[in-house]
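# Overview (structure and organization)
So the chains spell out like this:
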Amino acid sequence: VQLVESGGGMVQPGGSLRLSCAASGFTFSSYDMSWVRQAPGKGPEWVSAINTGGGSTYYADSVKGRFTISRDNAKNTLYLQMNSLKPEDSALYYCARRSPRYSGSYYRTDRYDYWGQGTQVTVSS
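Report on the accompanying structure.

## Digging into the overall build of the protein chain
Looking only at helices and strands, the protein chain has 0 helices and 11 strands in total. Helices and strands appear in the protein chain in the N-to-C order β-β-β-β-β-β-β-β-β-β-β. Taking 125 residues into account, the globule formula puts the C-alpha radius of gyration at 14 Å, and the protein chain, at 13 Å, falls close to it. Across the protein chain, the fraction of contacts at a sequence separation of at least 24, relative to all contacts at a separation of at least 6, is 55%. On the protein chain, roughly 6100 Å² of surface is accessible, and the fraction owed to carbon and sulfur atoms is 45%. Side chains of the protein chain carry 13 positive and 9 negative charges; the gap between the two charge centres is 2 Å.

Next comes the structure, spelled out in structure tokens:
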């Protein structure tokens, strides 16, 4: 199993970024996926989740209305479109595969069995 994030960078407040996560080594279309972020000195914070077919999406209150999660199962890729970025969005962003042992409670970061290496997002003027 391999998850490789890309698309991070430095952006000014109010700007946008699109993160990608390329998945390999498993049947991507069979797994719910999430984005989780971690700022320095803080624990992991669940950001958004998407079900296997992409028809159901979920967001943390802190990003609702600004971020959009999506997936392309033909390309084995997960995306996170981030708009209206704020300094408090600065963090290392990970994509994570949801363990098939669990259902619901996407916000539980201990229920993901594989994680990527992360891509850094910095929002600063």
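Anyway, onward from the coordinates.
## Thoughts on the nonpolar core
Ranked by size, the top nonpolar core spans 33 residues in total, and within it W35, F67, L78, L80, M82 and Y93 carry the most contacts. For this core, the elements supplying multiple residues, two or more each, are strand 3 (17-24), strand 4 (33-38), strand 5 (45-50), strand 7 (67-72), strand 8 (77-82), strand 9 (91-98) and strand 11 (119-123). Once residues within four sequence positions are removed from consideration, F67 is found in contact with R37, V47, Y59, L80, Q81, M82, N83, L85, D89 and Y93.

## Some thoughts on the state of the cysteines
Across all of its chains, the model carries 1 disulfide by this definition. In this model, C21 is linked to C95 through a disulfide, with the two sulfur atoms separated by 1.9 Å. Handedness of the C21-C95 disulfide follows from its S-S torsion of about 45°: it is right-handed. On the criterion of sequence distance, the pair formed by C21 in strand 3 and C95 in strand 9 is long-range, its members being 74 residues apart.

## Digging into the pairing of strand 11
Across a regular strand the side chains alternate sides, sitting on one face of the sheet and then on the other. Burial along strand 11 is one-sided: T119, V121 and V123 are buried, while Q120 and T122, pointing the other way, are not. Pairing geometry for strand 2 (residues 9-11) and strand 11, over 3 bridges, is parallel. Bridging from a neighbouring strand, M10 pairs with T122 of strand 11. Judged from the 3 bridges that link them, strand 9 and strand 11 form a sheet pairing that is antiparallel. Opposite A91, over in strand 11, you have V121 as the bridge partner.

## Side note on the pattern of salt bridges
Taken as a whole and assessed by the stated rule, the structure comprises 6 salt bridges. Two residues, R108 and D110, come together in a salt bridge whose shortest N-O distance is 2.9 Å. Residue R108 is classed as partly exposed on the basis of its relative accessible area of 31%. Linked by salt bridges that have partners in common, R37, E45, R66 and D89 make up one network.

Definitions and limits used
- Residues numbered from 1 in each chain as written.
- Predicted model: local features only at pLDDT ≥ 70, side-chain atom pairs only at ≥ 80, totals over all residues.
- Heavy atoms only, no water.
- Helix = DSSP H or I, 4+ residues; strand = E, 2+ residues; numbered from the N terminus.
- Rg over C-alpha atoms; globule rule 2.2 N^0.38 Å.
- Contact = heavy atoms within 4.5 Å.
- Areas by Shrake-Rupley, 256 points an atom, 1.4 Å probe, with all protein chains shown as cover.
- Lys, Arg positive; Asp, Glu negative; His and termini not counted.
- Charge placed at Lys NZ, Arg CZ, Asp CG, Glu CD.
- Core = buried A, V, L, I, M, F, W, Y, C linked by side-chain atoms within 4.5 Å.
- Buried < 20%, exposed > 50% of the residue type's maximum accessible area, 1.4 Å probe, protein only.
- Disulfide = S-S within 2.5 Å.
- Pairing = 2+ DSSP bridges.
- Salt bridge = Lys/Arg side-chain N within 4 Å of Asp/Glu carboxyl O.

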